[in-house]
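Examination of the molecular architecture
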Amino acid sequence: MIFSDPNLGDRVRSASTVALLREPAFLVLDRVSGIDPADQIRATFLAAVAMALGAGIDPHEEVTRSLRMMSDAEADHTVHVQAIRDYAENELRRFV
């Protein structure tokens with residue numbers, strides 16, 4: 001569905017909950033998992049930067065914000081973000 005949200009940048013910058021992002025982050029990884037490991041990382045970053053710029057959001061700020069969210073994203077009783085880390089450590093790096 002295409003819609004216009006003039007407040008998208010504000011909603012991205014002010015959102016405080018990480019819980020609803022865990023599974024979608026895992027789904028993004030699942031979609032790129034079939035390509036070269038280095039290209040998985042580069043493509044994911046390229047898509048994120050293109051989305052941010054297209055929405056008028058500073059991608060550098062979002063990377064910083066994402067780094068700050070990691071402790072909440074990997075909180076007890078969660079599996080998705082830790083599974084992404086495990087995948088990177090145990091699958092992507094073994095191709096190096």
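Residues numbered from 1 in each chain as written. Predicted model: local features only at pLDDT ≥ 70, side-chain atom pairs only at ≥ 80, totals over all residues. Heavy atoms only, no water.

1. Observations regarding the pattern of salt bridges
A complete count under the given rule lists four salt bridges for this structure. A salt bridge links Arg 85 to Glu 74; the nearest nitrogen and oxygen atoms lie 3.2 Å apart. You can see Arg 85 sitting in helix H5 (residues 80-92) and its partner Glu 74 sitting in the loop between helix H4 (59-73) and H5, a full eleven residues away along the chain. For Arg 85, a relative accessible area of 37% corresponds to the partly exposed category. For Glu 74, a relative accessible area of 26% gives the class partly exposed. (Salt bridge = Lys/Arg side-chain N within 4 Å of Asp/Glu carboxyl O. Helix = DSSP H or I, 4+ residues; strand = E, 2+ residues; numbered from the N terminus. Buried < 20%, exposed > 50% of the residue type's maximum accessible area, 1.4 Å probe, protein only.)

2. Some words on the packing of helix H2 (residues 22-32) against H5
Two numbers describe how H2 lies on H5: the axes approach to 8 Å, and their chain directions differ by 30 degrees. Taken together, the axis directions place H2 and H5 in an arrangement best described as roughly parallel. Contacts from Arg 22, Glu 23, Ala 25, Phe 26 and Leu 29 in H2 reach His 80, Val 81, Ala 83, Ile 84 and Tyr 87 in H5. (Axes fitted to C-alpha atoms, helices over the stretch in contact; angles between N-to-C directions. Parallel < 35°, antiparallel > 145°, perpendicular 65-115°, else oblique. Contact = heavy atoms within 4.5 Å.)

3. Digging into the environment of Asp 5
For Asp 5, the position within the fold is in the segment before helix H1 (8-14). Separated by 80 residues in sequence, Asp 5 and Arg 85 have C-alpha atoms that sit 32 Å apart.

4. Thoughts on the confidence of the model for the protein
Per-residue pLDDT for the protein averages 86, and the proportion of residues at 70 or more is 94%. Across the protein, helix H3 (residues 37-54) holds the top mean pLDDT of 93, while H1 sits lowest at 84. (pLDDT = per-residue confidence, 0-100.)

5. Some words on H4
Most pronounced at Leu 67, the bend in H4 amounts to some 30 degrees. Listed as buried for H4 are Pro 59, Glu 62, Arg 65 and Ala 73. For H4, the secondary structure elements touched by its buried residues are H1, H2, H3 and H5. Where H4 begins, the side chain of Asp 58 points an oxygen toward the backbone nitrogen of His 60, at a separation of 2.8 Å. (Bend = angle between axes of the 7 residues up to and from the residue. Polar contact = N/O pair within 3.5 Å; in protein donor to acceptor, adjacent residues only side chain to side chain.)

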